[in-house]
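Close look at the chain arrangement
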Amino acid sequence: MLLYENEQSGNCYKVRLVLAYLGVDYERRQLEVNDRSNRREVLGHLNPALRVPTLVLDDGRALPESNAIIWYLAQDTALVPSDPFVHAQMLQWMFFEQYDHEPAIAVVRYMRHISGRPEDFADRLPELERKGYAVLDAMEGHLADRVYFVGDGLTLADVALYAYTHVAPEGGFSLDAYPAIRRWLARVADQPGHVPIDA
């Protein structure tokens, strides 16, 4: 398998994390986040959205979108609950991650930490920060009496939400007021096979 990715991207990290948990060998090809001038040439025949991550299977089929990729890789493993309702709850949190979490926390991190031009985004940051803290509040409340997001063990819901939450401070989000999130982050990082985002 070949993974087109960027090492700073939390969406790409989700895929690498699942591959590491499952012990799957693969190749990596890095693409720039800021300079996307070669995206059409490299990804145009694989992913119409020209985004990373894009996974190319051994038979040549390509699969884009991080949460679709990790679901494909992890089906029939302990990372995907067998109970239909718990499975649906896992999907609920994965949708939350892409609809609420990533557009706030990941975007602020990009603007402040990765773009190289945070001043260009000064007018957008306050509203995105407000949304980001609302996301963290929701996560904290859910995790207050839980070990993982759904069920009794680590699932793709945890992987999806861990990716950008653990680097939220790079975007200026303080996790000091979120003890349940901090405990959960440590629990995920302690999983067998876990790799850091810069591995």
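Refer to the structure above for everything that follows.
Here's what I pulled together on the structure shown here. Sequence order sets the numbering: in each chain, residues are counted from 1 along the sequence as written. With the structure being a predicted model, the display of local features is reserved for residues of pLDDT at least 70 and the display and counting of side-chain atom pairs for 80 or more, all residues being used for whole-chain, interface and lining totals. The side-chain numbers reported here are obtained from all heavy atoms of the structure, hydrogens and water having been left aside.

What to know about helix H6 (residues 156-165)
- Each residue gets one of three labels from its accessible area relative to the maximum for its type: buried under 20%, exposed over 50%, partly exposed in between, using a 1.4 Å probe on protein chains only. Secondary structure elements follow DSSP: runs of H or I no shorter than four residues count as helices, runs of E no shorter than two count as strands, and numbering proceeds from the N terminus. Taken across its 10 residues, H6 has 10 buried, putting it largely inside the fold.
- Listing the buried residues of H6 in full gives Leu156, Ala157, Asp158, Val159, Ala160, Leu161, Tyr162, Ala163, Tyr164 and Thr165.
- Between two residues, a contact is recorded if the distance between any of their heavy atoms is within 4.5 Å. The secondary structure elements touched by the buried residues of H6 are helix H1 (10-22), helix H3 (66-74), helix H4 (84-114), helix H5 (125-143) and helix H7 (179-189).

Here we look at the layout of surface pockets
- There is about 550 Å³ of room inside the largest pocket.
- Taken together, 23 residues make up the lining of the largest pocket; nearest its centre are Ser9, Asn11, Arg36, Glu102 and Tyr164.
- The element best represented in the lining of the largest pocket is H4, accounting for 8 residues.
- Residues are grouped as follows: Ala, Val, Leu, Ile, Met, Phe, Trp, Tyr, Cys and Pro are nonpolar; Asp, Glu, Lys and Arg are charged; every other residue, Gly included, is polar. For the lining of the largest pocket, the class distribution of residues is 10 nonpolar, 6 polar and 7 charged. With a 1 Å grid spanning the protein atoms alone, the term cavity applies to any set of points in which a 1.4 Å probe fits but cannot get out, the term pocket to an open set with protein on both sides within 12 Å along at least five of seven lines, and the term lining residue to any residue with an atom within 4 Å of a point. Grid points are joined across faces, edges and corners, and a volume is the space filled by probe spheres set on the points.

Focus: the sheet that holds strand S2 (residues 27-30)
- Here, any two strands with at least 2 DSSP bridges between them count as paired. Taken together, 4 strands build an open sheet; the order of strands is S2-S1-S3-S4 and the sheet is mixed. Two strands in the sheet have a free side with no partner beyond their single neighbour: S2 and strand S4 (62-64). Pairwise comparison of adjacent strand axes, ignoring direction, gives a mean angle of 20 degrees for this sheet.
- Here 4 bridges tie strand S1 (residues 2-5) to S2, and the two strands are oriented parallel to one another. What counts as an axis is a line fitted to C-alpha atoms, over the stretch in contact for a helix, and the angles between N-to-C directions run from 0 to 180 degrees.

Structural notes on the nonpolar core
- Counting 54 residues, the largest nonpolar core has Val18, Leu136, Met139, Phe149, Leu156, Ile181 and Trp184 as its most contacted members.
- Put simply, the parts of the chain that give this core at least two residues each are H1, H3, H4, H5, H6 and H7.
- At 9 residues, H4 tops the list of elements feeding residues into this core.
- For tryptophan 184, the residues in contact, after removing those within four places along its chain, are Met139, Leu143, Val147, Tyr148, Phe149, Asp158, Leu161, Tyr162 and Thr165.
- Ranked by size, the runner-up nonpolar core spans 10 residues in total, among them Leu2, Leu31, Leu43 and Leu46. Side-chain atoms within 4.5 Å are what join buried Ala, Val, Leu, Ile, Met, Phe, Trp, Tyr and Cys residues into a set we call a nonpolar core.

Looking at a negative patch on the surface
- Patch membership is restricted to residues that have no salt bridge and whose relative accessible area is over 30%. Joining uses 9 Å for like charges and 5 Å for the nonpolar side chains Val, Leu, Ile, Met, Phe, Trp and Tyr. Only the protein chains shown count as cover for residues, and the accessible areas themselves come from Shrake-Rupley with a 1.4 Å probe. Think of a salt bridge as a Lys or Arg side-chain nitrogen and an Asp or Glu carboxyl oxygen that are within 4 Å of each other. When charges are tallied, Lys and Arg are placed among the positive residues and Asp and Glu among the negative ones, while His and the ends of the chain are skipped. One atom stands in for each charge, and that atom is NZ of Lys, CZ of Arg, CG of Asp or CD of Glu. Together, Glu7, Glu32, Asp35 and Asp198 make up a negatively charged patch on the protein surface.
- Within the secondary structure, glutamate 7 sits in the loop between S1 and H1.
- Residue glutamate 7 is classed as partly exposed on the basis of its relative accessible area, which comes to 45%.

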